[in-house]
Amino acid sequence: MDGKQPSPTRIIHMRGSIRIAGIYLILGALWITFSDKLLAEIVSDKVQFAQISTYKGWGYVFITAWLLYLLIENHTAELAYNEKQLRLITNALPVLISYVDTDRRYRFSNKSYLDWFGEAVNGKSMEESLGKSAYQKISGHVDAVFAGRTVNFEADIPYKNGGTRFVNATYVPDKDTKGRVKGFFALVQDITERRQAQEEIRLWADAIEGCAQGISVVDPASNRILACNPAFANLHDYRVDELVGSPVLSLYAAAELGHVRRQFERADQIGYVRFEATKLRKDGSTFLTQKDVVSVRGDDGFILHRVVTTQDITERKQAEEEIRRLNEELEMRVSERTSQLEAANKELEAFTYSVSHDLRAPLRAIDGFTDILVEEYAPRLDEEGNRLCTVIRKESQRMGTLIDDLLAFSRLGRKEMRTEQIDMKELAEAVFRELYSDEDEKRIDFRIGDIPAVNGDAALIRQVWINLLSNAIKFTSRKKRATIEVGWMEHGSENVYFVRDDGAGFDMEYADKLFGVFQRLHDDKDFEGTGVGLAIAQRVVHRHGGRVWADGREGVGATFYFALPRI
Amino acid sequence: MESSSVVDVMLVEDNPQDAELIIRTLRKHNLANRLLHMKNGKDALDFLFGTGSPESAPMENKPRVILLDLKLPKIDGLEVLRIIKSDERTHIIPVVIVTSSAENPDIQAAYNLGANSYVVKPVKFDAFMNVMARLGAYWLQVNHPMNNSNKDMTKY
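Residues numbered from 1 in each chain as written. Chains lettered and ligands numbered in written order. Predicted model: local features only at pLDDT ≥ 70, side-chain atom pairs only at ≥ 80, totals over all residues. Heavy atoms only, no water.

### Quick notes on the domain arrangement of chain A
Step number 1: Along its sequence, chain A is organised into domain 1 (8–89), domain 2 (93–196), domain 3 (211–312), domain 4 (326–397) and domain 5 (417–565).
Step number 2: Taken over C-alpha atoms, the centre of domain 1 of chain A sits 143 Å from the centre of domain 5 of chain A. (Domains from an automatic or database assignment.)

### Here's the deal with the nonpolar core
All names here are of chain A.
Step number 1: Core analysis: the largest hydrophobic core is formed by 41 residues, its most contacted members being Met424, Trp465, Phe560 and Phe562.
Step number 2: Listing elements by their share of this core, those giving two or more residues are α11 (383–414), α12 (424–435), α14 (458–475), β14 (482–491), β15 (494–501), α15 (533–543), β16 (547–553) and β17 (557–565).
Step number 3: The element that contributes the greatest number of residues to this core is α14, accounting for eight residues.
Step number 4: Filtering out sequence-adjacent residues up to four positions away, Trp465 remains in contact with Met424, Leu427, Ala428, Val431, Ile451, Ser470, Val486, Tyr497, Val499 and Phe562.
Step number 5: Of all hydrophobic cores here, the second largest spans 28 residues; its members include Val145, Val151, Val167 and Tyr171. (Core = buried A, V, L, I, M, F, W, Y, C linked by side-chain atoms within 4.5 Å. Buried < 20%, exposed > 50% of the residue type's maximum accessible area, 1.4 Å probe, protein only. Helix = DSSP H or I, 4+ residues; strand = E, 2+ residues; numbered from the N terminus. Contact = heavy atoms within 4.5 Å.)

### Here's the deal with unusual backbone geometry
Step number 1: The backbone of Asp237 of chain A shows a phi angle near 65 degrees, a positive value even though the residue is not glycine.
Step number 2: Counting through the fold element by element, Asp237 of chain A comes out in the loop between α7 (230–235) and α8 (240–243).
Step number 3: Here the phi dihedral of Asn30 of chain B falls at roughly 65 degrees; this positive angle occurs in a residue that is not glycine.
Step number 4: With respect to the element layout, Asn30 of chain B can be found in the loop between α1 (16–28) and β2 (35–38).
Step number 5: When its relative accessible area of 54% is taken as the criterion, Asn30 of chain B is described as exposed.

### Some words on the pairing of strand β7 (residues 224–228) of chain A
All names here are of chain A.
Step number 1: With four bridges joining them, strand β6 (residues 214–219) and β7 adopt antiparallel strand pairing. Its bridge partner lying in β7, Val218 is registered against Ile225.
Step number 2: Counting the residues in the hairpin turn of β6 and β7 gives four residues, including Asn223, whose phi is positive at 55 degrees. (Pairing = 2+ DSSP bridges.)

### Considering the sheet that holds strand β1 (residues 96–101) of chain A
Residue and element names in this part refer to chain A.
Step number 1: With antiparallel pairing, the five strands of this open sheet are ordered in space as β2-β1-β5-β4-β3. The open sheet terminates on both sides in strands that have one partner only, identified here as β2 (106–109) and β3 (151–158). Neighbouring strand axes in the sheet, compared pairwise and without regard to direction, differ in orientation by 25 degrees on average.
Step number 2: As defined by bridge partners, β3 adjoins strand β4 (residues 164–175) across eight bridges and the pair is classed as antiparallel. The partner of Glu154 across the bridge, within β4, is Asn168.
Step number 3: In the packing of helix α6 (residues 192–210) onto the sheet, the strands contacted are β3, β4 and β5 (181–190), and the crossing angle to β4 comes to about 130 degrees. (Axes fitted to C-alpha atoms, helices over the stretch in contact; angles between N-to-C directions.)

### A word on the packing of aromatic side chains
The geometry of an aromatic ring pair comes down to the distance between the two centres and the angle between the two planes.
Step number 1: One pass over the full model with this rule turns up 22 aromatic pairs over all chains.
Step number 2: With centroids separated by 5.0 Å and ring planes inclined at 85 degrees, the aromatic side chains of Tyr138 of chain B and Trp139 of chain B adopt a geometry described as edge-to-face.
Step number 3: For Tyr138 of chain B, a relative accessible area of 38% gives the class partly exposed.
Step number 4: Taking the ring centre of Phe166 of chain A as reference, the NZ or CZ of Arg195 of chain A above it sits at 4.0 Å.
Step number 5: The cationic tip of Lys279 of chain A hangs over the ring face of Tyr252 of chain A; the distance from NZ or CZ to the ring centre is 4.4 Å. (Phe/Tyr/Trp six-rings, centres within 6.5 Å; stacked < 30°, edge-to-face > 60°. Lys NZ or Arg CZ within 6 Å of the ring centre and 35° of its normal.)

### Details of the sheet that holds β7 of chain A
Residue and element names in this part refer to chain A.
Step number 1: One open sheet accounts for five strands, arranged β7-β6-β10-β9-β8; its pairing is antiparallel. Edge strands, defined here as strands with exactly one partner in the open sheet, are β7 and β8 (272–280). For this sheet, the mean inter-axis angle between neighbouring strands, taken without regard to orientation, is 35 degrees.
Step number 2: Here helix α10 (residues 314–377) sits on the sheet in contact with β8, β9 (286–297) and β10 (303–312), set at roughly 120 degrees to β9.

### Quick word on the packing of helix α1 (residues 8–42) of chain A against helix α2 (residues 46–92) of chain A
Residue and element names in this part refer to chain A.
Step number 1: Viewed as axis vectors pointing N to C, α1 and α2 meet at an angle of 170 degrees, and their least axial separation amounts to 11 Å. Of the possible angle classes, the one that applies to α1 and α2 is roughly antiparallel. Facing His13, Tyr24, Gly28, Trp31, Ser35, Asp36, Leu39 and Ala40 of α1, the residues of α2 in contact are Phe49, Ile52, Ser53, Lys56, Tyr60, Thr64 and Glu78.
Step number 2: Here the contact of α1 with α2 is composed, by residue class, of seven nonpolar, five polar and three charged. (Parallel < 35°, antiparallel > 145°, perpendicular 65-115°, else oblique. Nonpolar A, V, L, I, M, F, W, Y, C, P; charged D, E, K, R; others polar.)

### Quick word on the interface of chain B and chain A
Step number 1: Chain B puts 24 residues into the contact, and the matching count from chain A is 25 residues.
Step number 2: The contact between chain B and chain A buries some 2,100 Å² in all, and 53% of this surface belongs to carbon and sulfur atoms.
Step number 3: Ranking the residues of chain B by area buried against chain A places Lys71, Glu103 and Val123 of chain B at the top, with a combined share of 31%.
Step number 4: Connecting chain B to chain A are four salt bridges.
Step number 5: Between Lys28 of chain B and Glu375 of chain A there is a salt bridge whose closest N-O contact spans 2.8 Å.
Step number 6: Between chain B and chain A we count nine residue pairs in polar contact (both at pLDDT 80 or more) in total.
Step number 7: Of all elements in the fold, only α1 and α5 (125–142) of chain B reach the threshold of two or more residues within the side of chain B that touches chain A.
Step number 8: The element that contributes the greatest number of residues to the side of chain B that touches chain A is α1 of chain B, accounting for six residues.
Step number 9: Classifying every residue of the side of chain B that touches chain A gives nine nonpolar, five polar and ten charged. (Buried area = accessible area lost by both parts, 1.4 Å probe. Salt bridge = Lys/Arg side-chain N within 4 Å of Asp/Glu carboxyl O. Polar contact = N/O pair within 3.5 Å; in protein donor to acceptor, adjacent residues only side chain to side chain.)

Written as structure tokens, this is what we have:
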């Protein structure tokens, strides 16, 4: 709207106006020049001439007035039409369009203003309409446009109503022909959402850019890389710009191309696949990757592109391989140990077999022939000779018992366990009844609590009760009245069973020796035994995953505990 | 092989001391009058099947009981048992395993092969004598054997 340089339409308008004015000028001049002369030819009477001339003058004036009316009417209608058109157009735009005069009041505003501010702004001042804080933010730009400059700016504007919006505004000064600014046109666009969308895109771009996993987008038709992130490029020792546009299959090991193509096809069919593939670096070296391929479909159902996530799994594969190798090694070692153990077990079996067969026979011979000696040659032996023979017999017999017990102990470790639920109370009572003599019955006060059942090998657990209860009976045998108590208590996930007696007891100093094979704390002449019973009890309990221990005082009594996992 | 006439007890035992103690015990109870002592499994089989020396007993001389040790030189006790029990000429002869071993595998194997009884020799001599005397008495006096004479009749 620069006054010095009229627009082409303006020029056309001007030419039309000039032509009309010219025609009017010529017709008017002709009329003025020739109408009186023509009239004088027709009318000779002076009075009549003057009268007609007056009518002619009035007629001219009326015609001119009528023409003027028509012209103005026509022009006004056109203006109204034009303004209506303009309004239609500006209202249709999603942009705020307004005209502000030098009083900084709105003279024109399109419908967007009404939508935004909820009220008409025409005639109101900018400050009033926008609010104080918003106006402060833009007043500098308004000053600039009144100074004659076209202004364009983007800013967060805290509007009076509608909250803070991010806008793009253009102010164009409206100058008259002399260059004075009469007002300005304001074009304001709300780009808050666009900026949010842009920011979101920026965030995602940053995420993809910074992602440690390789991400690439592939065109499904050409199999070319449309975009990729630096991690993807780094994996292959390329730069991003070197890869964009290049064929993706050239990054795969040639031998696997068929496999890779099939996987891509599958992804296109079912939407997603994961597979492992060997890939090539720029220098031709290879590395192992895991690929996650997502085929993205457009609304029309066609595959838009494939988004591929690439992970270098060389290290993971190596670790897996290492684990597999270690496992194999471990298995080998276990089987080695097992066979060693089996061999040792075989040896042990052979040993016990040999002990069982060969060690007894000589003992029997010693015992037997000594007996024959005593019986058949008694008259020739004096008292001392007889005593010595008795010692020989007793000792050989004792060794026999030791061997038997030792074999029993060794057998225990090799016996296969058959686990079942055992009624401990019933078992302990039955064992006690088998063990005690009539004499014991009178002497011993046997008390048994409600001890709970347990899971175990009944024959083995029975042996534990036998050994503990027979010990209790044995070590109370010197007492005229004794008490043997069987009870239990809870401890964590275990049931702790105990056998308590008030017999000979033992010195706690030697408590740790109690459960050793052939360990004895009492003289044979006091209490007979080989010292295997508690070792057997311990072995059985250990095989059941339990523990044994003892508590005692010499001359006061002893308590033997064994703990087994609760059912 | 003091006698090729009827044998009551065949004792297969390599240990001379054990053999002497067993024989003494049986003799003491008058149970060893017709006892044949074989020192190894081969001799025992040779005697039973008449395959050894020419003076080996004919097959009709089936002992009323065989007392068989397990640990024997040349052919061990379980093998002797297997051969006796798998031959129809000898399988009816009662075989009593008399051994020092109370190991389960031995006991199982013996019964699987058809042993008629399994006796563990006690180490204590008193108990040993007691067991051997009862054993002898049972098989020679209590147990009624299958009548050999029937078979003998068929020979005539």
